[in-house]
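# Structural features, examined
In case you want the letters, here they are:
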Amino acid sequence: MRNEALNYNTGVLFAKNKGTQTKGIKQPYIFRMKDGSFGVLAVRTNEEKDGEEEIADVDRGKLIFFTSKDLLSYKEMGMITVSSTDTVKKPECIYDKESDCYYIRWTSKETGEDYINETLDFSSVGEKKQQERTSQESVLSDIPYAIESNVIAVTLEESERLLNKLKPIVNTSVEEAQVEVTCGRPRDLSGVRVKANYSDGSQTEKSVIWNKDDLANVDFNKLGTYKVTGTVNTLGDKISKSDNYPFIAGNADPNIVFFNGKYYFIATNESGNLNFYIREADTVTGLKTAKKSLIYDEAKGKEGNIVSKSNHWAPELHVINNELYMFFATNVGTGWDVQCAIMKLKTGGNPTVYADWEAPKRYLDNTGKNLSRSYGGITLDMTHFSYNNRHYVIWSQRNFSKNGGTADLWIGETTAENPGKLISKAVKIVPCEYGWERNHEFVTEGPNVIMAKDKLYLTYSGGATDETYCVGMTQIDLSDNVDFLDADAWKKTNYPLLTGFTSRGENKYHGPGHTTPMLQMKMAT
């Protein structure tokens with residue numbers, strides 16, 4: 001038996017939630033469905049209070065039911081009732097091929113007696129019958145925090161899919177590059193790249209720092225085969241060196257964009273969240289020591305009739321039709337009212353020059369009113385993407401008087417000519433519904449688009465900005481007729497992709513933050 005924690009020993013199955021009450025699950029039991037897929041039965045609980053789990057009266061006598069094709073994504077089918085009088089614990093389920101029936105076994109918390117119910121399809125469940133429980137196979141994993149449940153056999157294909165998805169992706173090999181040159185004609189190898197292979201089956205090409213001594217031993221005037229060694233060159237290596245870490249301290253929500261041959265860095269200023277400063281460099285690593293230039297402050301806000309004294313948050317630079325824009329959030333007025341805004345660099349302007357930025361504007365909805373007007377609440381963390389010459393923005397919006405005060409992700413269509421105004425209604429595409437999105441705060445925020453060949457991946461942050469902060473993801477299939485405004489077309493991953501357990505250094509855990517892009521570029525699959 002292989003005992004190994006997957007997904008960095010964090011959860012993969014969570015119950016959905018609405019309103020102020022956050023639900024959890026315990027005692028999950030995995031079983032095979034009739035068609036070979038998987039089912040899960042579990043006890044649904046209220047959020048822990050003072051270390052105690054409660055079962056709401058509405059959930060007493062019921063079990064929550066999920067289905068899954070691969071144990072990676074789960075569909076919540078709802079609650080099924082197995083008793084009108086008992087509090088259910090320790091559920092089990094098996095499918096019997098001979099009777100073409102599912103048998104649900106469980107124990108009554110009040111009486112300690114074991115019962116069984118029959119069901120054909122989980123849409124209706126027969127009355128409980130008392131029946132002594134048979135022993136089930138279990139495992140003692142010695143995995144920290146694990147509460148062991150049942151064991152289920154999986155195929156080799158299913159196992160490999162789980163391991164590839166839920167284990168850390170690591171480099172497995174680097175293929176040698178074969179280079180042929182004409183005798184008597186020296187060749188510059190700086191552009192020669194190698195193919196790197198990874199544990200999930202993916203591949204990518206990497207640049208190499210070639211060994212100078214090996215290069216010096218190559219005689220381009222003499223026929224033969226020469227071996228030149230080298231080190232794969234990665235940006236991460238340059239940034240994570242001990243004398244270069246943290247890369248740029250004191251800057252939350254970092255964003256880097258390539259514009260007119262230069263790299264630009266901007267972020268939330270952690271010294272009071274006041275003002276925005278931009279950095280310019282010829283290389284990404286050069287941004288660390290680049291000069292900071294002020295481009296937004298209270299006075300700049302006044303140029304656009306925005307009272308903007310505090311909470312200047314999450315600036316993002318986006319190039320739209322060769323023009324540079326900054327999307328950001330700022331406190332408008334003298335109270336606490338954070339809202340999305342946009343500011344354009346004047347055509348031909350210098351991004352580091354304060355006066356070269358136009359007056360900022362509040363972001364507008366499709367009726368020309370301020371974005372927050374129709375739904376109410378605050379707006380922030382706006383990002384932009386385009387596909388098939390159509391343009392869209394995604395942001396986080398929170399109304400403290402609706403749905404328990406959740407911050408959810410919304411999308412709307414805009415235009416390249418006026419990216420500061422929607423031309424469609426706003427649509428909620430990521431509700432704050434899972435427990436990991438509700439750690440200490442009911443928040444989904446920080447959307448970031450990663451465009452692949454046939455899919456658009458939208459990552460985002462969830463929960464409070466503390467050690468429990470997580471990064472999640474939803475995705476949508478790309479096609480000529482894709483409808484980004486169709487909430488049902490987005491397929492959300494049930495569990496977080498990054499948590500405080502994802503990386504560890506110097507005997508400390510490093511938690512993820514606002515999931516903004518480092519560089520804006522298309523990623524090829």
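Since the structure is predicted, the reported quantities are computational estimates derived from the model, not experimental observations. (Residues numbered from 1 in each chain as written. Predicted model: local features only at pLDDT ≥ 70, side-chain atom pairs only at ≥ 80, totals over all residues. Heavy atoms only, no water.)

## Some words on the environment of G61
So the rule is basically this: Here a helix means four or more residues in a row that DSSP labels H or I, a strand means two or more in a row labelled E, and each is numbered from the N terminus. Think of it in three bands: residues with accessible area under 20% of the maximum for their type are buried, residues over 50% are exposed, and the middle band is partly exposed, with areas taken using a 1.4 Å probe on protein chains only. In what follows, a contact means two residues having at least one pair of non-hydrogen atoms within 4.5 Å.
With respect to the element layout, G61 can be found in the loop between β2 (38–46) and β3 (62–68). G61 sits in the buried class, given a relative accessible area of 1%. Each C-alpha atom, one on G61 and one on M79, is 9.8 Å from the other, the two residues being 18 residues apart in sequence. Beyond its immediate stretch of four places on either side in the chain, G61 contacts I80, T81, V82, S83, D86, T87 and V88.

## A look at unusual backbone geometry
Phi at Y8 is positive, roughly 55 degrees, even though this residue is not glycine. Note on placement: Y8 falls in the segment before β1 (23–32). At Q27, a position not held by glycine, the phi torsion is positive, near 55 degrees. With respect to the helices, strands and loops of the structure, Q27 is situated in strand β1.

## Some details on the sheet that holds strand β24 (residues 427–430)
Note the following rule: For two strands to count as paired, DSSP must find a minimum of two bridges between them. Every angle, taken between N-to-C directions, lies between 0 and 180 degrees, and every axis is a line fitted to C-alpha atoms, over only the stretch in contact when it is a helix.
Read from one edge to the other, the open sheet built from 4 strands follows the order β21-β22-β23-β24, with strand pairing classed as antiparallel. The open sheet terminates on both sides in strands that have one partner only, identified here as β21 (378–387) and β24. The mean inter-strand angle of the sheet, taken between neighbouring strand axes irrespective of direction, is 30 degrees. Relative to β24, strand β23 (residues 407–414) runs antiparallel, the two sharing 3 bridges. Counted as the bridge partner of L409 is V430 from β24.

## Let's talk about a positive patch on the surface
The line we're drawing: Patches in this entry comprise residues that are over 30% relatively accessible and not in a salt bridge; like charges within 9 Å are linked, as are nonpolar side chains (Val, Leu, Ile, Met, Phe, Trp, Tyr) within 5 Å. The method behind every accessible area is Shrake-Rupley, applied with a 1.4 Å probe, and residues are considered shielded solely by the protein chains displayed. Note on definitions: salt bridges are taken to be side-chain nitrogens of Lys or Arg within 4 Å of carboxyl oxygens of Asp or Glu. His is not counted here, nor are the chain ends, while Lys and Arg score as positive and Asp and Glu score as negative. Note that the charge is assigned to NZ on lysines, CZ on arginines, CG on aspartates and CD on glutamates.
Positive charge collects at one region of the surface, where K16, K18, K69, K75 and K491 lie side by side. Structurally, the position occupied by K491 is in strand β28 (residues 491–492).

## Some details on the pattern of salt bridges
The final tally for this structure, using the stated rule, is 21 salt bridges. Here K128 and D86 are joined by a salt bridge, their closest N and O atoms 2.5 Å apart. One end of the pair, K128, is in the loop between β7 (114–119) and β8 (129–130); the other, D86, is in the loop between β4 (75–81) and β5 (88–96), with 42 residues separating them in the sequence. With a relative accessible area of 4%, D86 lands in the buried category. In this structure, K344 and E323 form a salt bridge, with 3.2 Å as the shortest nitrogen-oxygen distance. Residue K344 is found in strand β19 (residues 338–344), and its partner E323 is found in strand β18 (residues 323–331); the two are separated by 21 residues along the sequence. Taken together, the shared-partner salt bridges connect K23, R44 and D59 into one network.

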